Amino acid sequence: MKFTFTDKKVNLPKSLHNYAEKKVGKLDRYFKNEAEANLVFSVEKDRNKVELTIRSGSTILRVAESTSDMFASVDAAVTSMERQLRKHKTRLEKRLRQGAFTPPEPVEETSFVPDVEEAGEYQVVRTKRFPIKPMTVDEAILQMDLLGHSFYAFKDEDGGAFAVVYKRNDGGYGLIEDEI
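Quick caveat, the model's predicted, so the values are computed rather than measured.

Rules and cut-offs
- Residues numbered from 1 in each chain as written.
- Predicted model: local features only at pLDDT ≥ 70, side-chain atom pairs only at ≥ 80, totals over all residues.
- Heavy atoms only, no water.
- Helix = DSSP H or I, 4+ residues; strand = E, 2+ residues; numbered from the N terminus.
- Buried < 20%, exposed > 50% of the residue type's maximum accessible area, 1.4 Å probe, protein only.
- Polar contact = N/O pair within 3.5 Å; in protein donor to acceptor, adjacent residues only side chain to side chain.
- Contact = heavy atoms within 4.5 Å.
- Phe/Tyr/Trp six-rings, centres within 6.5 Å; stacked < 30°, edge-to-face > 60°.
- Pairing = 2+ DSSP bridges.
- Axes fitted to C-alpha atoms, helices over the stretch in contact; angles between N-to-C directions.
- Patch = residues over 30% accessible without salt bridge, like charges linked within 9 Å, V, L, I, M, F, W, Y side chains within 5 Å.
- Areas by Shrake-Rupley, 256 points an atom, 1.4 Å probe, with all protein chains shown as cover.
- Salt bridge = Lys/Arg side-chain N within 4 Å of Asp/Glu carboxyl O.
- Core = buried A, V, L, I, M, F, W, Y, C linked by side-chain atoms within 4.5 Å.

A. The arrangement of the side chain of Thr-67 in detail. Looking at where Thr-67 falls in the secondary structure, it is placed in strand β4 (residues 59-67). On the basis of relative accessibility, which here comes to 19%, the residue Thr-67 falls in the buried class. Within polar-contact distance, the side chain of Thr-67 engages the side chain of Ser-73 at 2.7 Å. Aside from chain neighbours lying at most four places away, what touches Thr-67 is Arg-47, Asn-48, Ala-72 and Ser-73.

Structure below.
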């Protein structure tokens, strides 16, 4: 597993990075391909926050944990990630087709804040560009759950139309499809 550590507005000892690498490295057994782990350490309002993102092929998993101790935050993040992996492991094995773990193309991201704000106009403050992968509705729902998002855009594998799945307030899922 490849590791990337980011310390936001905090200086942490090397021993914490070694500890995190040892703990997160145990999750490597869940992945067939070489996985990449990104850990972001920060302190917000006297809480030590750890954000753990693991990318294996086109699957991205993310958790964030916050405690009073940075080592405890690492442990909590690993525990949450393991729980998420166990919850979705059978779906990942059964539902994903061959080639579902192929590495995605890099994401291009831009951010800007306009200098002049005009009344009544909307402003786009962040733009993301990424290739939309053809997949089934079940795969899209799984990927949305793994990311912890409330919606997920994808290209329908059957018809090739643009579609969006989303979480409904009643706990179910909704699907918005483009008419071809």
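Having seen the model, we can carry on.
B. Seen up close, the packing of aromatic side chains. Tallied over the entire structure, the rule returns 3 aromatic pairs. Geometrically, the ring pair formed by Phe-5 and Phe-41 is stacked, given 6.2 Å between the ring centres and 15° between the ring planes. Pair noted here: Phe-5 is in strand β1 (residues 2-8) and Phe-41 is in strand β2 (residues 36-44), with a separation of 36 residues, a long-range link. Among the residues examined, Phe-41 registers a relative accessible area of 0% and is labelled buried. Taken together, Phe-3, Phe-5 and Phe-41 form an aromatic cluster joined through their ring pairs.

C. Seen up close, the sheet that holds β1. What the 4 strands build is an open sheet, ordered β1-β2-β3-β4; its pairing is mixed. At either end of the open sheet lies a strand with only one pairing partner, and these are β1 and β4. Put simply, the sheet's adjacent strands are angled 15° from each other on average, direction ignored. Two elements, strand β3 (residues 47-56) and β4, share 9 bridges in a ladder whose sense is antiparallel. Opposite Ile-54, over in β4, you have Leu-61 as the bridge partner. Across the sheet, helix α1 (residues 14-25) is in contact with β1, β2 and β3; its angle to β1 comes to roughly 135°.

D. Structural view of a nonpolar patch on the surface. Together, Phe-130, Ile-132 and Phe-162 make up a nonpolar patch on the protein surface, roughly 270 Å² of accessible area in all. Relative to the assigned elements, Phe-130 resides in the loop between β6 (126-129) and β7 (134-135). Given the relative accessible area of 44%, Phe-130 is considered partly exposed.

E. Region of the structure containing the side chain of Ser-73. Mapping Ser-73 onto the fold places it in helix α2 (residues 70-95). Separated by 2.6 Å, the side chain of Ser-73 and the backbone oxygen of Asn-48 make a polar contact. If we skip the residues at most four places from it in the chain, Ser-73 touches Asn-48, Lys-49, Val-50, Glu-65, Ser-66 and Thr-67.

F. View of helix α3 (residues 137-147). The element α3 is largely enclosed, with a buried count of 9 among its 11 residues. Residues of α3 that are buried include every one of Glu-139, Ala-140, Ile-141, Leu-142, Gln-143, Met-144, Asp-145, Leu-146 and Leu-147, and no others. Two residues or fewer past α3, Gly-148 is found with a positive phi of approximately 75°.

G. A look at the sheet that holds strand β8 (residues 151-156). Taken together, the 4 strands give an open sheet; going across it, the order is β7-β8-β9-β10, and neighbouring strands pair in mixed fashion. Two strands close off the open sheet at either side, each with one partner strand: β7 and β10 (173-177). Both strand β9 (residues 162-167) and β10 contribute to a ladder of 5 bridges, which runs antiparallel. Its bridge partner lying in β10, Tyr-166 is registered against Gly-174.

H. Representation of the nonpolar core. Core analysis: the biggest nonpolar cluster contains 24 residues, and Val-24, Leu-27, Leu-52 and Ile-54 have the highest contact counts within it. No other element matches the 6 residues that α2 contributes to this core. Among residues more than four places away in sequence, those in contact with Leu-52 are Val-24, Leu-27, Ala-37, Asn-38, Leu-39, Leu-61, Arg-62, Val-63, Ala-77 and Met-81. Formed by 10 residues, the second largest nonpolar core is a distinct cluster that contains Ile-60, Met-135, Ala-140 and Met-144.

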